[in-house]
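Each chain, written out:
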Amino acid sequence: MSESAGQERAQMVAIAWLRWRLFVNALRSSRGQLELVSRILVSFAFAVGGLGGAVVMGFAASLMISSGKPETLAVLFWFVSIFWQVFPIMATAFTNNPDSSDLLRFPLSYRSYFLVRLAYGAFDPVTALGSMWSLGILVGVGFARPALLPWALLVLLAFAAFNLLFMQMVFAWVERWLAQRRTRELMGILFVLVMLSFQLIAPLVAHFEKRPRPDVQRYVEILVPVQGILPPGLAADAIAQGVNSRFMTAFGSLALLGAFVLVIGYCLHLRLLAQYRGENLSEVAAASALPNGRSLHLGWNLPGFAAPVAAVFEKEIRYLLRSGPMLLTLIMPVFVLVIFRFGAMNPARRHGTFLAHMPDMAFPAAAGYTLLVLTNLAYNNFGGDAGGIQFFYASPVSFREIVLAKNLTHAGILALEIVVTWIGVSFLYGWPTFDVTIATLAGLLFAAPVNFSVGNLLSIYSPKKLDFSSFGRQRASQMTVLTSLGVQIFVLGVGVLVFWLARHYGNFWIATLILLVLAGISLSVYRAILNRIDSLAQDRRETLVAELCRA
Amino acid sequence: MDAAPTISTQGLTRRFGDLLAVDNVDLRVAPGQFFGFLGPNGAGKSTTIKMLTGLLAPTSGRIEILGLDLEKNPVEVKRQIGVVPEGMALFGRLAGSEFLNFAGRMYGLDRQTAAKRSAELLDFMQLADQPKKLVTDYSHGMQKKLAMAAAVIHGPKVLFLDEPFEGVDAIAAGTLKAMLQGMIARGATIFLTSHVLEIVERLCSHVAIIHQGRLVAQGSLEELRAGVAAQTPAGSGDGGTASGEKMTLEQIFLRTVGGSRPTDQELSWLG
């Protein structure tokens, strides 16, 4: 027995060492060192957020108890819990933990495997933040009622255990769904829809603000008892009842919270046990019957362009059409217009939104945002190609043609989106005037080549492999992010300045003229870079292949 | 007899920092040869094939394919060669037929020809039964066959294959071998790397062996046998020649790269 425990301990030490070596070895590259710097900055931000949050939580908890309203602690517990669960999805998102399944080849006991998974979760920054905030609540409760400190500690430990297990359970199940491409894509779409629905919260709140108060009151009356039987509400109730010296009820709430912990733990156990036993999530389907009378599938033809350009264009469009998440990203501009429109309709915010003041600027603003969304693709041209980059290098086609085809695809999408945006603006804000429309198009003629030029260079100099079917941890490289930011500030600055000038003189043809001159310059720069792209791609072939073919 | 070589390198060298991965390699592959390029792990095989196909720049040296300098005429060379690199170079989110169509058009075929050959190749490779299936959902063996199909869709004169039989089942391997032998019969040149020496011995007429970045042997199988036999002390008994049997490629390979392990070195704790 002790030998087994000793072995488990040795395995844990080995796994900790492995994580440490992975971290240290990553620092060998300059990219890893940059990542370390960014991690230190992020950790600092987290530490500030954690400490600041803990102080706020502690102060609020103390105030709530001192003022005789301990039941309002539920607000704090819900805030911590929602953050604990939602933030990891937004920040680190749906990715397989690279170590956990690999560890299964070793003689790891199930208990060790379970503990390792929990340990991974415990070292997550969000767990650190959640724990610090919970500690803040504990200190606040202890400050207001020192005698209640041990009880609050017990409740908060159960609360933290629930959050930790729940987060791990959600991730374990999400991992399972992400193991297969189709479910992965469905999850991706679902994820974007959830993110988009968050954007609707403010307009909906604004909408409800306009409705009679009793209606809102009724919703609150329904929600309060419901939240009370859920873990954050139970944790708050356990402390609140303790404050009121109703220990039987308090104990009941804690027992229910404990039951939640057990149920969630069991769900996590089911998933991890399946992983531990080596579940098979193979996607290789059985061969289907050979379809009769197959017709030849002809590739696309792009009049005026060489066959390879048409072939790459077709490939890019097919990739995009098969990427639900990416397609959803592309509808964002129209969605944002709707949000702005709702916001503008809200009387309380009517004076705050700039589109409410300048509805004639809705189309230029939406067009600018559309271009911004597209940079996601244009700044990492080869990201989705992954190993296919080798095909490009082995094929007798110049990178000039390949990049041109990719830019054409992005320009085509931009054109389509601009049409949709124009229609959207017309419905939501009224028809954009002819002169504003032309000035906006001239602005795009300037801004798009600037973005494509920089995007082409960054695609060669700082590529990053992308999985079009999934989300999270697919951040562009730091260099791309910083350069992109600079370019957007420049382009946006020029656009705002020119449109402000035109509005000032009451003549948008001034903007058109200036932007067309700038477009001439940006197109020349674009062309010059495109002509150089082949030699740049050849010079950088090792980096590109190494980065994009990375497993 | 000494026709201009299809593939030739002079002083081909590649460094990765301090590591000399390929050291002054002079290769000659004649037209119509089925050429096996062998070497232990890390010997420089994949680095060499990447340089020969333009996927990696040499540090120094010269590469000629079909009489054309690869550095000066990369596009013209690539038009006439087919490549299955180490990573297979596939586009995962295209269906098999779409990928082949795409490959055909990238190699300059017109739409009809690309479509027709794609359909033929899918049938030949027995990949036609799931036309809508994305490449990313293919098994490893299926991906290998698809990569091979894409490499030959334009009818290349020279074919470079990096471990083409790795992960391929016996049936598919048979299909691929038949196709490759057919290409050789029609005058193409094939340059392949493989760890499966039996396959190389059965398919290849000529072999080169690279070890620690240096070319240590090159020639027909008979020339290699003769070379190794000449270096073996008479009556040593382990060369295979003494008993009158032909040396296998494995024996040639092991002797050339000095792969035999001292018999006194064993892992006594192992079962």
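Everything numeric in this text was worked out from a predicted model, so none of it was measured.

### Considerations on the overall build of chain A
- The number of helices and strands found in chain A is 22 helices and 0 strands.
- Evaluated residue by residue, chain A yields a buried proportion of 37% over its 551 residues.
- Within chain A, counting contacts between residues at least 6 apart in sequence, those at least 24 apart form 81% of the total.

### Considering the interface of chain A and chain B
- Chain A puts 39 residues into the contact, and the matching count from chain B is 39 residues.
- Contributing elements (two or more residues each) for the side of chain A that touches chain B: helix 12 (307-321), helix 17 (388-394) and helix 22 (541-548) of chain A.
- In terms of residues, the side of chain A that touches chain B owes the most to one element, helix 12 of chain A, which gives 8 residues.
- Here the residues of the side of chain A that touches chain B are counted per class, giving 20 nonpolar, 9 polar and 10 charged.

### Looking at the pairing of strand 4 (residues 34-38) of chain B
Residue and element names in this part refer to chain B.
- Within strand 4, 5 of the 5 residues are buried, leaving the element largely enclosed by the surrounding structure.
- Residues Phe34, Gly36 and Leu38 line one face of strand 4 and the alternating positions Phe35 and Phe37 line the opposite face, and both faces are buried.
- Bridge count between strand 4 and strand 9 (residues 189-193): 4 bridges; the pairing is parallel. Bridge pairing in strand 9 places phenylalanine 35 opposite phenylalanine 191.

### A few points about the pairing of strand 9 of chain B
Residues and elements named next belong to chain B.
- For strand 9, the buried fraction is high: 5 of the 5 residues fall into the buried class.
- Neither face of strand 9 is open: one carries Thr189, Phe191 and Thr193, the other Ile190 and Leu192, and all of them are buried.
- By the bridge criterion, 5 bridges tie strand 8 (residues 158-162) to strand 9 in an arrangement that is parallel. When the bridges of strand 9 are listed, leucine 159 appears paired with isoleucine 190.

### Here we look at the confidence of the model for chain B
- Of all residues in chain B, 92% attain a pLDDT of 70 or more, and the chain-wide mean is 87.
- The ipTM value of the predicted complex is 0.80, and its pTM value is 0.70.

### Focus on helix 1 (residues 45-52) of chain B
Residues and elements named next belong to chain B.
- In terms of burial, helix 1 is a largely internal element, 8 of the 8 residues being buried.
- All of the buried residues in helix 1 are Lys45, Ser46, Thr47, Thr48, Ile49, Lys50, Met51 and Leu52.
- A positive phi of about 85° marks glycine 54, the residue just after helix 1.

### Section: the sheet that holds strand 11 (residues 214-220) of chain B
Residues and elements named next belong to chain B.
- Strand order in the open sheet formed by 6 strands is 7-8-9-4-10-11, with mixed pairing between adjacent strands. The open sheet has two edge strands, strand 7 (81-84) and strand 11, and neither has a second partner. Sheet twist, expressed as the average angle between the axes of neighbouring strands with direction ignored, equals 15°.
- Bridging between strand 7 and strand 8 involves 4 bridges; their strand directions are parallel.

### A closer look at the environment of histidine 297 of chain A
- For histidine 297 of chain A, the position within the fold is in the loop between helix 11 (247-276) and helix 12.
- Not counting residues up to four positions away in its chain, the partners in contact with histidine 297 of chain A are Ser97, Asn101 and Ala115 of chain B.

### A word on the confidence of the model for chain A
All names here are of chain A.
- For chain A, per-residue confidence averages 81 on the pLDDT scale, and 80% of positions sit at 70 or higher.
- At the low end of the mean pLDDT range in chain A sits helix 15 (residues 354-357), at 64; at the high end sits helix 21 (residues 508-539), at 94.
- Scored below 50 in pLDDT, residues 92-98 makes 16 contacts in the model with residues more than four places away or belonging to other chains.
- Counting contacts from residues 284-291, a segment whose pLDDT is below 50, to residues more than four positions away or on other chains yields 8 contacts.

### A short note on the environment of glycine 227 of chain B
- Mapping glycine 227 of chain B onto the fold places it in helix 8 (residues 221-231).
- Residues glycine 227 of chain B and alanine 217 of chain B, 10 residues apart in the sequence, show an inter-C-alpha distance of 8.6 Å.

### Considering unusual backbone geometry
Residue and element names in this part refer to chain B.
- Even without a glycine there, the phi angle at glutamine 126 is positive, about 55°.
- By the secondary structure assignment, glutamine 126 is in the loop between helix 4 (111-124) and helix 5 (140-152).
- The class for glutamine 126 is partly exposed, based on 13 C-beta atoms found within 10 Å.
- The backbone phi angle of glutamine 212 is positive, close to 50°, even though this residue is not glycine.
- By secondary structure assignment, the location of glutamine 212 is in the loop between strand 10 (206-211) and strand 11.
- According to the C-beta neighbour criterion, glutamine 212 is partly exposed, with 15 such atoms within 10 Å.

### Quick notes on the nonpolar core
- Phe99, Leu146 and Ile190 of chain B are the most contacted members of the largest nonpolar core, which totals 107 residues.
- Contacts of isoleucine 190 of chain B, omitting those with residues within four sequence positions, involve Phe34, Phe35, Leu159, Leu161, Leu180, Met183 and Ile184 of chain B.
- If you look at the next biggest cluster of nonpolar residues, it comprises 58 residues, including Val126, Leu156, Phe171 and Met187 of chain A.

### Regarding the packing of helix 8 of chain B against helix 9 (residues 249-257) of chain B
Residues and elements named next belong to chain B.
- Close contact between helix 8 and helix 9 brings their axes to 10 Å; oriented N to C, the two are set at 50°. Classified by the angle between their axes, helix 8 and helix 9 sit oblique to one another. Read as a crossing pair, helix 8 and helix 9 show a hand that is left-handed. In this structure, helix 8 uses Leu221, Leu224, Arg225 and Val228 to contact helix 9, whose residues at the interface are Leu249, Ile252, Arg255 and Thr256.
- Looking at side-chain class alone, the contact of helix 8 with helix 9 contains 5 nonpolar, 1 polar and 2 charged residues.

### Points about the packing of helix 4 (residues 110-122) of chain A against helix 11 of chain A
Residue and element names in this part refer to chain A.
- The N-to-C vectors of helix 4 and helix 11 enclose an angle of 120°; their axes lie 10 Å apart at closest approach. Our classification of the angle between helix 4 and helix 11 gives oblique. Classified by chirality, the crossing of helix 11 by helix 4 is right-handed. The segment helix 4 lies against helix 11, with Tyr110, Tyr113, Phe114 and Arg117 engaging Leu272, Leu273 and Tyr276.
- For the contact of helix 4 with helix 11, the class distribution of residues is 6 nonpolar, no polar and 1 charged.

### What about the environment of proline 231 of chain A?
Residue and element names in this part refer to chain A.
- The topology assignment puts proline 231 in helix 10 (residues 231-243).
- For proline 231, a count of 25 C-beta atoms within 10 Å gives the class buried.
- Between the C-alpha atoms of proline 231 and glycine 258, which are 27 residues apart in sequence, the distance is 8.9 Å.
- The contacts of proline 231, once residues within four sequence positions are left out, are Ser81, Phe159, Phe162, Leu257 and Phe260.

Quick notes on the rules
Residues numbered from 1 in each chain as written. Chains lettered and ligands numbered in written order. Predicted model: local features only at pLDDT ≥ 70, side-chain atom pairs only at ≥ 80, totals over all residues. Helix = DSSP H or I, 4+ residues; strand = E, 2+ residues; numbered from the N terminus. Buried ≥ 20, exposed ≤ 12 C-beta atoms within 10 Å, placed from the backbone. Contact = placed C-beta atoms within 7 Å. Nonpolar A, V, L, I, M, F, W, Y, C, P; charged D, E, K, R; others polar. Pairing = 2+ DSSP bridges. pLDDT = per-residue confidence, 0-100. Axes fitted to C-alpha atoms, helices over the stretch in contact; angles between N-to-C directions. Core = buried A, V, L, I, M, F, W, Y, C linked by C-beta atoms within 7 Å. Parallel < 35°, antiparallel > 145°, perpendicular 65-115°, else oblique. Left-handed = near helix turned anticlockwise from the far one by under 90°.

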